[in-house]
Each structure stands twice: as structure tokens, then as C-alpha cells.
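Here are the chains, one letter per residue:
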Amino acid sequence: MDLPRTTSPQDPARRAFMDWKQKRLFELWRVWDDAIRGANPDARYIANAGGGALSELDMRTVGELAPTLFADRQARSGVTPPWANGKNGKEYRATMGKKAIGGIFSVGVEEAYRWKDSVQSAAEVRLWVLDGVANGLHPWFTKFSGTLRDKRWLKPVERAVRVALPQ
């Protein structure tokens with residue numbers, strides 16, 4: 001069959017390609033995970049599966065293969081709603097059952113023109129993190145660059161993580 005010439009899932013060539021691609025990616029996942037576990041039984045391969053309801057991969061199979069998943073939704077951009085991080089938590093929880101899931105977050109805006117050290121408001125950081133936590137994500141903070149040019153984010157992140165951690 002020829003490679004697809006459209007992005008339409010109704011195109012038979014596109015559908016066949018998508019099925020082949022998914023089968024191949026899961027096959028590679030198993031090969032890599034087996035090799036890693038052969039070298040270190042305590043280590044695993046964790047794919048960046050995109051995740052959630054819009055993933056091109058079958059999330060049921062992802063949930064079977066992955067020991068954990070991380071939603072890499074560091075911040076909002078454009079018109080992304082403030083509850084999008086929590087939505088990822090719900091989708092990952094549905095996929096992963098009782099397995100641990102993490103929500104990677106940052107403090108800068110996610111726009112093409114962004115400066116990685118730009119800072120969102122304290123309220124936005126708190127809402128983003130805690131909505132994810134309320135929906136099952138363990139908070140995982142990431143900071144780009146080791147230089148603190150703007151310290152306004154320190155207290156909001158500390159407070160949000162304190163609220164999220166079990167007492």
C-alpha cells in the first residue's frame with residue numbers, strides 16, 4: 001500500500017499506516033523495555049506517549065506497558081483552559097488505574113515568544129498545579145536554567161507543593 005496522502009483517518013491508506021505505526025511503536029517499546037530491564041531489573045522504559053484522550057496511541061495498551069506516566073503540561077498557552085492540567089490527570093488516571101502518575105509543571109508561559117524565566121501569576125501556578133493534584137497527578141516541578149532572575153515563583157510553588165504533599 002502507498003503511504004497516505006491525507007491526514008484523514010477515513011482514508012484506507014492512512015488508517016493502515018496508523019495501525020502499522022502503532023503496532024510498531026508498541027513492539028519497539030517492548031524491545032527497549034526488555035533490554036533495559038535485562039541490564040537493570042529496577043529500571044524501565046517510559047515512552048513519551050503524548051497521552052490523554054487525543055493520543056494517537058491506544059491508551060489501554062500504554063496503561064498496560066507503562067509503570068508510570070508523566071503529563072508534560074508545564075503551563076498554559078494561548079487559550080488553553082486553566083483546568084487542562086486536571087483533565088490530563090483524569091485521562092491518565094483512567095489509563096493507569098492505581099499506578100503513579102506525575103504532572104510536570106513550570107512557572108513560565110508556554111508561548112513561541114516566551115522567555116523561559118518569565119513568570120505566571122501566583123494564582124495561575126497554584127490553580128494549574130492543584131487542579132492536577134486533585135485529579136491524581138503527583139506534582140513534578142521543573143525549572144529551566146540555574147539562574148534565578150525572577151523569584152516571584154518560589155513561594156507559590158512551595159505553597160502548592162506543600163498543599164499537594166501528604167502530611
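See above for the structure.
Below, the structure is looked at part by part. (Residues numbered from 1 in each chain as written. Predicted model: local features only at pLDDT ≥ 70, side-chain atom pairs only at ≥ 80, totals over all residues. Heavy atoms only, no water.)

Examining the sheet that holds strand E1 (residues 69-72)
As a general point, the strands of a sheet are linked pairwise by backbone hydrogen bonds and lie either parallel or antiparallel.
And then number 1: Taken in spatial order, the three strands make up an open sheet running E1-E2-E3, and their pairing is parallel. Looking along the sheet, the strands with just one partner apiece sit at the ends: E1 and strand E3 (138-141). Each strand axis lies, on average, 30 degrees off the axis of its neighbour in the sheet, ignoring direction.
And then number 2: With four bridges joining them, strand E2 (residues 101-105) and E3 adopt parallel strand pairing. The residue of E3 that forms the bridge with Phe 105 is Phe 141. (Pairing = 2+ DSSP bridges. Helix = DSSP H or I, 4+ residues; strand = E, 2+ residues; numbered from the N terminus. Axes fitted to C-alpha atoms, helices over the stretch in contact; angles between N-to-C directions.)

A look at the nonpolar core
And then number 1: Phe 26, Trp 29, Val 62 and Leu 69 are the most contacted members of the largest nonpolar core, which has 15 residues in total.
And then number 2: Going through the elements one at a time, helix H1 (12-39), helix H2 (59-65), E1 and helix H3 (84-96) are the ones with two or more residues in this core.
And then number 3: Ignoring anything within four residues of it in the chain, the contact list for Phe 26 reads Leu 57, Asp 58, Thr 61, Val 62 and Leu 65.
And then number 4: With twelve residues, the next largest nonpolar core counts Val 119, Trp 128, Val 157 and Ala 164 among its residues. (Core = buried A, V, L, I, M, F, W, Y, C linked by side-chain atoms within 4.5 Å. Buried < 20%, exposed > 50% of the residue type's maximum accessible area, 1.4 Å probe, protein only. Contact = heavy atoms within 4.5 Å.)

Some thoughts on the pairing of E1
And then number 1: Taking every second residue as pointing to the same face, the buried face of E1 carries Leu 69 and Ala 71, while none of Phe 70 and Asp 72 on the other face is buried.
And then number 2: As judged from the four bridges shared by E1 and E2, these two strands associate in the parallel manner. Looking across to E2, one finds that Leu 69 is bridged to Ile 101.
And then number 3: A crossover links E1 with its parallel partner E2, the connecting element being H3, and its sense is right-handed. (Right-handed = clockwise from strand over helix to strand, strands pointing away.)

What to know about the packing of H3 against helix H4 (residues 122-134)
And then number 1: Between H3 and H4, the least distance of the axes is 7 Å, while the angle of their chain directions is 15 degrees. Relative to H4, the element H3 lies roughly parallel. The interaxial crossing formed by H3 with H4 has right-handed handedness. Listed contacts from H4 to Ala 84, Asn 85 and Gly 86 of H3 are Trp 128, Val 129, Asp 131 and Gly 132.
And then number 2: Considering only residue class, the contact of H3 with H4 consists of three nonpolar, three polar and one charged. (Parallel < 35°, antiparallel > 145°, perpendicular 65-115°, else oblique. Left-handed = near helix turned anticlockwise from the far one by under 90°. Nonpolar A, V, L, I, M, F, W, Y, C, P; charged D, E, K, R; others polar.)

So, the side chain of Asn 88
And then number 1: Relative to the helices and strands, Asn 88 is located in helix H3.
And then number 2: For Asn 88, a relative accessible area of 6% puts it in the buried group.
And then number 3: Excluding its chain neighbours within four sequence positions, the residues that come into contact with Asn 88 are Ala 71 and Arg 73.

Distances and angles like these do not, on their own, reveal function.
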